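Structural overview
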Amino acid sequence: MASTSLELTTLGHRIRHQRVAAGMTLDELGEKVGVAGSQLSLIENGKREPKLSLLQAIAATTGIEVTELLSAEPPNRRAALEIDLARLQAGTVFRRLGIPPVKVTKGTSDETLESIIGLHRELERRERETIATPEEARRANTELRLRMREKGNYLAEIEKLAERQLKAAGHSTGALTHRTVSIMAQQLGFELLYVSDLPHSARSVTDIENGRIYLPPASIPGGHGLRSMALQAMAHRLLGHERPVDYADFLQQRLEINYYAACCLMPETASLAFLQQAKRDRNLAVEDFRDAFGVTHEAAAMRLTNLLTQHFEIPLHFLRVDGSGAITRVYENDDLPVPMDVTGSVEGQIVCRRFLARSAFEEHNRTTEHYQYTDTPSGTFWCSTQTGTTDAGEFSITVGVPFDDARWFRGRETTKRASSHCPDLSCCRRPPADVAARWSGKAWPSARVHMHMFSPLPSGDFPGVDDTEVYSFLERHAEG
């Protein structure tokens, strides 16, 4: 019959129910149907599948039809409780706990079973809550973005913490050196180690017991990426992070460690001195800010969102857009009309073709910033855009401000101007009438699916990473 274990459990309960109702012991029924009582016991406990001929014999002996034995319904409330408990204890959530299942005996009361089942259901409910569906992830990300918008994307306590740690390590001016990052780690009781066998799902691993932070090997010693990853790992300890309780908590922690790393690489005091001079010279530029502190264009652009509104009262927007025009990272407090879905989520939405963040991919010169004024339903904005390429494809980084604030930036003299009416379909979403008439009904494009949109946050000790790989990695290096 190729029955499942749950079906066999239900069948066993129904056979036992009919046997008891008929007033027979296992041995008595076994003698009548031609099998040993011990064999019947295995069948009643769902551990052995009976042949159809045996079921027919049992049905005839107990005075019922075979179909009654094969019913999927438990024969009584007690059986229903035992079957429900067996199902829950066979589930992945319980088995991951690594504790033995409860063995139900005749002496186990119905009340006890109900209590244990209730605990199992609460365990499964909490497990479901810790897994972020794509919709939950987008909503959590949107809520975090709006909270940071209200704060001007500025976290004063983390700014102060970074300044204290830098001062304690002896850093005063210039780009943060890898040596200083190592000193900062040592002051927290950690050693930075570069290894080639990090788990594929982890950017870094911190061995709290032995005081080690493992990072990938450096192709460029002291590069921005490795300094940033080391600082992020330290930030978890400095900020007192515990394991995330849900996806929103995970996002908040990720934002805070990134913020701390940016504050160390581009310290507030030194950054403000640089930016104040550039503003006096009417020569604010992301590329100059980037080069002054030895960071990436994206890191410098994002750092401006922390400082310009707070210290210069300049509202602005930041966009990272991939080659298809989809937004992968966004911040705005200047009312730039960015696309969003019904939940308020912006990430993954396609920006207007007229925005420089998208049209810059058509430029031949990719080594310098490009500038543009864009007229929108919310006003005119000036922006600068730099494009780049990774293994994942093209991307652009854009920083922009309202028209009146463009006077402080290099590139304000650009004559390039565009007009955007999005989300009006007539702006850039609707093809020309003659082209639409030519191809309507004669083409069938297959959309590319972004699989990350369907991926929930994995559960485990370290959300998003493979726990087995992490612990195996630590075991290998702890032995060394």
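In what follows, the structure referred to is the one given above.
What this report covers is the structure whose coordinates are included nearby. (Residues numbered from 1 in each chain as written. Predicted model: local features only at pLDDT ≥ 70, side-chain atom pairs only at ≥ 80, totals over all residues. Heavy atoms only, no water.)

We now examine the overall build of the protein chain. Counting its regular elements, the protein chain contains 20 helices and 9 strands. Relative to the 2.2 N^0.38 estimate, which gives 23 Å for 480 residues, the radius of gyration of the protein chain is 32 Å and therefore markedly larger than a compact globule would have. Principal-axis analysis of the C-alpha atoms places the extent of the protein chain at approximately 105 × 70 × 35 Å. Burial statistics for the protein chain: of 480 residues in total, 44% are counted as buried. Partitioning the intrachain contacts of the protein chain with sequence separation of at least 6 by distance along the chain shows that 61% fall at a separation of at least 24. The averaged location of the 63 negative side-chain charges in the protein chain is 2 Å from the averaged location of its 56 positive side-chain charges. (Helix = DSSP H or I, 4+ residues; strand = E, 2+ residues; numbered from the N terminus. Rg over C-alpha atoms; globule rule 2.2 N^0.38 Å. Buried < 20%, exposed > 50% of the residue type's maximum accessible area, 1.4 Å probe, protein only. Contact = heavy atoms within 4.5 Å. Lys, Arg positive; Asp, Glu negative; His and termini not counted. Charge placed at Lys NZ, Arg CZ, Asp CG, Glu CD.)

Axis separation between helix α9 (residues 134-150) and helix α13 (residues 247-265) bottoms out at 9 Å; the angle between their running directions is 45°. By the angle class used here, α9 and α13 are oblique. As for how α9 packs across α13, the hand of that crossing is right-handed. Contacts from A137, A140, N141, L144, R147 and M148 in α9 reach Y247, A248, L251, Q252 and L255 in α13. The residue inventory of the contact of α9 with α13, partitioned by class, reads 8 nonpolar, 2 polar and 1 charged. (Axes fitted to C-alpha atoms, helices over the stretch in contact; angles between N-to-C directions. Parallel < 35°, antiparallel > 145°, perpendicular 65-115°, else oblique. Left-handed = near helix turned anticlockwise from the far one by under 90°. Nonpolar A, V, L, I, M, F, W, Y, C, P; charged D, E, K, R; others polar.)

Let's shift gears to the nonpolar core. Of all hydrophobic cores here, the largest spans 67 residues; its most connected members are M184, L231, M234, Y260, C264 and L304. The leading source of residues in this core is α13, at 11 residues. Among the nonpolar cores identified, the runner-up in size contains 15 residues, and L336, V338, F355 and A357 belong to it. (Core = buried A, V, L, I, M, F, W, Y, C linked by side-chain atoms within 4.5 Å.)

This part covers the environment of P216. With respect to the helices, strands and loops of the structure, P216 is situated in the loop between β3 (212-215) and α12 (224-238). A C-alpha to C-alpha distance of 6.6 Å links P216 and L198, two positions 18 residues apart in sequence. Apart from the residues lying within four places of it in its own chain, the contact partners of P216 are Y194, V195, L198, R203, L226 and M229.

Right, let's get into the packing of aromatic side chains. Tallied over the full model, the rule gives 7 aromatic pairs. Ring geometry for Y247 versus F250: centroids 5.7 Å apart, planes at 35°, classification tilted. A residue pair is termed a helical-turn pair when its members lie 3 or 4 positions apart in one helix, as Y247 and F250 do in helix α13 at 3 residues. Here the aromatic rings of F289 and F293 are separated by 5.5 Å at their centres, their planes lie at 80°, and the arrangement is edge-to-face. Of the two residues, F289 and F293 are both situated in helix α15 (residues 286-293); the distance of 4 residues between them amounts to about one turn of the helix. (Phe/Tyr/Trp six-rings, centres within 6.5 Å; stacked < 30°, edge-to-face > 60°.)

Mapped onto the elements of the fold, T398 is located in strand β8 (residues 393-402). The class for T398 is buried, based on a relative accessible area of 2%. Taking the C-alpha atoms as reference points, T398 and V93, 305 residues apart in sequence, are found 44 Å from one another. What T398 contacts, discounting residues up to four positions off in sequence, is H317, F318, L319, A357, C383, S384 and T385. In terms of polar contacts, T398 uses its side chain to reach the side chain of T385, at 2.7 Å. (Polar contact = N/O pair within 3.5 Å; in protein donor to acceptor, adjacent residues only side chain to side chain.)

With respect to the helices and strands, the residue R77 is situated in helix α6 (residues 77-89). Note on R77: relative accessible area 51%, which makes it exposed. Along the sequence, R77 and I15 sit 62 residues apart, while their C-alpha atoms lie 15 Å from each other.

What follows concerns helix α3 (residues 37-44). In an α-helix there are 3.6 residues to a turn, and that puts residues three or four apart on one side. Buried within α3 are the following residues: G37, L40, I43 and E44. Viewed along the axis of α3, the buried residues span an arc of 110°, placing them on a single side of the element. Following α3 by one or two positions, G46 adopts a phi angle in the positive range, close to 75°. (Arc of directions from axis to C-beta.)

Our next topic: α13. The terminal C-alpha atoms of α13, which comprises 19 residues, lie 27 Å apart, in line with the 27 Å expected from a rise of 1.5 Å per residue. At the N-terminal boundary of α13, the capping side chain belongs to D246, with an oxygen 3.3 Å from the backbone nitrogen of A248. (Expected span 1.5 Å × (residues − 1).)

Our focus in this paragraph is unusual backbone geometry. Residue P423 follows C422 across a cis peptide bond; omega there is 15°. A positive phi angle is found at N153, which is not glycine, with a value near 60°. Considering the arrangement of structural elements, one finds N153 in the loop between α9 and α10 (156-168). Overall, the relative accessible area of 5% leaves N153 in the buried class. Residues other than glycine seldom take positive phi values, yet R282 does so here, at roughly 50°. Mapping R282 onto the fold places it in the loop between α14 (268-280) and α15.

Scanning all chains against the criterion turns up 20 salt bridges. Close ionic contact of R78 with D110 constitutes a salt bridge, the shortest N to O distance being 2.8 Å. Residue R78 is found in helix α6, and its partner D110 is found in helix α8 (residues 110-130); the two are separated by 32 residues along the sequence. Residue classification places D110 among the partly exposed positions, given a relative accessible area of 27%. When salt bridges with common partners are traced through the structure, they connect R16, R19 and E44 into a single cluster. (Salt bridge = Lys/Arg side-chain N within 4 Å of Asp/Glu carboxyl O.)

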